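Coordinate analysis (summary)
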Amino acid sequence: MDTYYNPSDLAKFAEVGEGNKELMNKFFSWYNAVFAEGALSEREKALIALAVAHAVQCPYCIDAYTQESLSKGATLEQMTEAIHVAAAIRGGASLVHGVQMKNVYQKLSM
Amino acid sequence: MALASKTLLSLRHPLSDASAQVEILENKLNLMPFAERFKETGEEELVATGIEIFQVNVGKLCNQACKHCHVDAGPDRREIMSQETMRLCLDALAKTAIPKVDITGGAPEMNPNFRWFVKEVKALGRHVMTRSNLTILLANGFEDLPEFFAEHQVEVISSLPHYSPSLTDKQRGEDVFSRSIEAIKRLNALGYGKEGSGLIFNLVHNPVGAFLPPNQSALEKDYKRELSKRYEIAFNRLYAITNLPVGRFLEYLLASGNYEAYMTKLVSQFNPVAAKGVMCRNTISIGWDGYLYDCDFNQMLELKVGYGAPTHIKDFDWEKLNRRKIVTRQHCYGCAAGAGSSCGGAIA
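None of the values given here were measured: they were computed from a predicted structure.

A few words now on helix 7 (residues 176-189) of chain B. Residue and element names in this part refer to chain B. Between its terminal C-alpha atoms helix 7 stretches 20 Å, which fits the 20 Å expected from 14 residues at 1.5 Å a residue. Listed in full, the buried residues belonging to helix 7 are V176, F177, R179, S180, I181, A183, I184, L187 and N188. Where helix 7 ends, the next residue or the one after it, G191, has phi of about 110°, a positive value.

Below is the structure:
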């Protein structure tokens, strides 16, 4: 094995179910329902997935949801804004914990 | 203004030979033959259901050279239909009740007998659709085409791969988007694309890359909203068409390393409902030299109608062609993937 991540492995996702088909079938059934058109459009869901894929830094998901976003008609501009949202929340989540730093600082400082 | 890039033929590219394309489609990957997969529809073989569309490709000459063009059309192409072959088309058409004639190219308007042919088809009482690349409507000697189309009630179908200028120009050439918008405004001014005018103007979306088109009706809403807001232009319907691995799109797939993934995607998204409704079942495609094909893609791969059906317009036999068995190769997966694809957009 040259690398943990190989693009061709993405197509083997379903094979993960070999150890427990029932659980995998339940997962895919739920997964497919999640991404179906609903109160949110399929394109909006693909863009959310793309943003989350970047937040969790999953190469498989980034590959899959870049393709899915394109197939749902998203533009590069929309996809870029989506990952900025992910990046902003990640960055903001770090920064907002500064209040904890401030709390500790204030407790310890004269 | 430089609209055109290069054709495979002008580059002496190996893929300018249709047989080289067929060889790649058939042998480069080990995929189930389309004819076998088609059986998932519940039908044993793909057979025509009766010709409703008489699609005439009047030549490969074009003022553009779009990156995805399956025809490998361009300014250097010299293969155009003669008036004599057009007469054979009219003779054949007159003996049938086929209601629609779809004129394509290249830029069909660049055939010097285009207007004569349109008038003759209309004189036979048939509906005429033409596939116009829009920029030709601004070229010297062609500026009065919108009025000609309106006068003869010609349905106009035009490619606009995206409402984003940069995406359209990427696929179709520099300045194509802005010139297309100018041409659409001229068509709109005559009533084209306006409800109640009776003048039909439809747009075509092709993905700008190695992926499938989005949901047609959702995309049509986006196009209508954005084109109206940004440019105050209107159209009737949007056709979302899948790029088939033929001609320059095949070359792009191979050169960009996307061929295997794209073909695998087409196969994995095989949709029996779309496969049952493929357009070759109700279409006959006529090449610039009068040879007959099941569709324009087969025409560019030089796969003539087979299984005993007459292969040239001079031998046109409506009854035999109406029930002919369709010639399929692996590119056919493109019309049957996802929501399906035809010259009239999504199928399923």
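Take the environment of Y65(A) next. All names here are of chain A. By the secondary structure assignment, Y65 is in helix 3 (residues 59-71). Separated by 30 residues in sequence, Y65 and L95 place their C-alpha atoms 28 Å apart. Those residues within four positions of Y65 in sequence are excluded, and the remaining contacts are Y31, F35, A46, A49 and L50.

Turning our attention to the nonpolar core. Residue and element names in this part refer to chain B. Among the nonpolar cores identified, the biggest contains 55 residues, and F54, F149, L227 and F316 are the most heavily contacted of them. Not counting chain neighbours up to four residues away, the residues in contact with F316 comprise I51, F54, A92, T96, I98, I284, L292 and L321. Counting 44 residues, the second-largest nonpolar core is a separate cluster that includes L31, V71, V246 and V267.

A word on the environment of S256(B). Residues and elements named next belong to chain B. Along the chain, S256 turns up in the loop between helix 9 (247-255) and helix 10 (259-268). For S256, a relative accessible area of 36% gives the class partly exposed. Considering only alpha carbons, one finds S256 and G209, 47 residues apart in sequence, at a separation of 10.0 Å.

A separate point is the side chain of N282(B). All names here are of chain B. Examined against the element boundaries, N282 turns out to sit in the loop between helix 11 (272-276) and strand 7 (283-286). A polar contact is formed between the side chain of N282 and the side chain of T283, at a distance of 3.1 Å. The residues contacting N282, other than those within four sequence positions of it, are T49, G50, I51, E52 and I53.

What follows deals with the interface of chain B and chain A. Taken together, the contact pairs eight residues of chain B with seven residues of chain A. Carbon and sulfur atoms make up 47% of the surface buried where chain B meets chain A, a total of about 700 Å² over both sides. Contact with chain A buries area across many residues of chain B, yet F211(B), P214(B) and K265(B) alone supply 50% of it, more than any other trio. Counting across the chain B and chain A interface gives one salt bridge. Residue R43(A) is joined to D222(B) by a salt bridge in which the shortest nitrogen-to-oxygen separation is 2.4 Å. Counting the contacts that link chain B with chain A gives two residue pairs in polar contact (both at pLDDT 80 or more). Along the lines of polarity and charge, the residues of the side of chain B that touches chain A split into five nonpolar, one polar and two charged.

Applying the stated criterion across every chain yields a total of 24 salt bridges over all chains. The residue R37(B) makes a salt bridge to E40(B) at a minimum N-O spacing of 2.6 Å. A salt bridge links D72(B) to R248(B); the shortest N-O distance between them is 2.5 Å. Remark: R248(B) occurs in helix 9 and D72(B) occurs in the loop between strand 1 (53-57) and helix 3 (83-94); sequence separation between them is 176 residues. Each member of the pair, D72(B) as well as R248(B), is classed as buried. Residues joined by salt bridges that share partners form a network here, namely R43(A), D222(B), R225(B), E226(B), K229(B) and R230(B).

The bulk of non-glycine residues show a negative phi, and the bulk of peptide bonds are trans. In this structure, the amide linkage connecting G105(B) to the following residue, G106(B), adopts the cis form with an omega of 15°. By secondary structure assignment, the location of G106(B) is in the loop between strand 2 (100-104) and helix 4 (114-123). The phi torsion at Q57(A) lies on the positive side, around 50°, for a residue other than glycine. Residue placement: Q57(A) occurs in the loop between helix 2 (42-55) and helix 3. The class of Q57(A) is exposed, set by a relative accessible area of 55%.

Residue and element names in this part refer to chain B. Interaxial distance between helix 3 and helix 4 falls to 11 Å at its minimum, and their mutual angle equals 10°. For the element pair helix 3 / helix 4, the angle class is roughly parallel. Of the residues in helix 4, those in contact with Q83, M86, R87, C89, L90 and L93 of helix 3 are F114, W116, F117, E120 and V121. Looking at the contact of helix 3 with helix 4, its residues break down into eight nonpolar, one polar and two charged.

Next up on the list: the packing of aromatic side chains. On inspection of all chains with the given rule, the structure shows 22 aromatic pairs over all chains. Here F34(B) and Y333(B) contribute two aromatic rings whose centre-to-centre distance is 5.2 Å and whose plane-to-plane angle is 90°, an arrangement assigned as edge-to-face. Remark: Y333(B) occurs in helix 14 (residues 333-336) and F34(B) occurs in helix 2 (residues 34-37); sequence separation between them is 299 residues. The two residues F34(B) and Y333(B) agree in class, both being buried. Where F249(B) meets Y262(B), the ring centres are 5.3 Å apart and the plane angle is 70°; that geometry is what we call edge-to-face. Of the two residues, F249(B) sits in helix 9 while Y262(B) sits in helix 10, which places them 13 residues apart along the sequence. By relative accessible area, which is 3% here, F249(B) ends up buried. The buried category is assigned to Y262(B), whose relative accessible area is 2%. Ring pairing ties together the aromatic residues F13(A), F27(A), F28(A), W30(A), Y31(A), F35(A) and Y65(A), which thus form one cluster.

Definitions and limits used
- Residues numbered from 1 in each chain as written.
- Chains lettered and ligands numbered in written order.
- Predicted model: local features only at pLDDT ≥ 70, side-chain atom pairs only at ≥ 80, totals over all residues.
- Heavy atoms only, no water.
- Helix = DSSP H or I, 4+ residues; strand = E, 2+ residues; numbered from the N terminus.
- Expected span 1.5 Å × (residues − 1).
- Buried < 20%, exposed > 50% of the residue type's maximum accessible area, 1.4 Å probe, protein only.
- Contact = heavy atoms within 4.5 Å.
- Core = buried A, V, L, I, M, F, W, Y, C linked by side-chain atoms within 4.5 Å.
- Polar contact = N/O pair within 3.5 Å; in protein donor to acceptor, adjacent residues only side chain to side chain.
- Buried area = accessible area lost by both parts, 1.4 Å probe.
- Salt bridge = Lys/Arg side-chain N within 4 Å of Asp/Glu carboxyl O.
- Nonpolar A, V, L, I, M, F, W, Y, C, P; charged D, E, K, R; others polar.
- Axes fitted to C-alpha atoms, helices over the stretch in contact; angles between N-to-C directions.
- Parallel < 35°, antiparallel > 145°, perpendicular 65-115°, else oblique.
- Phe/Tyr/Trp six-rings, centres within 6.5 Å; stacked < 30°, edge-to-face > 60°.

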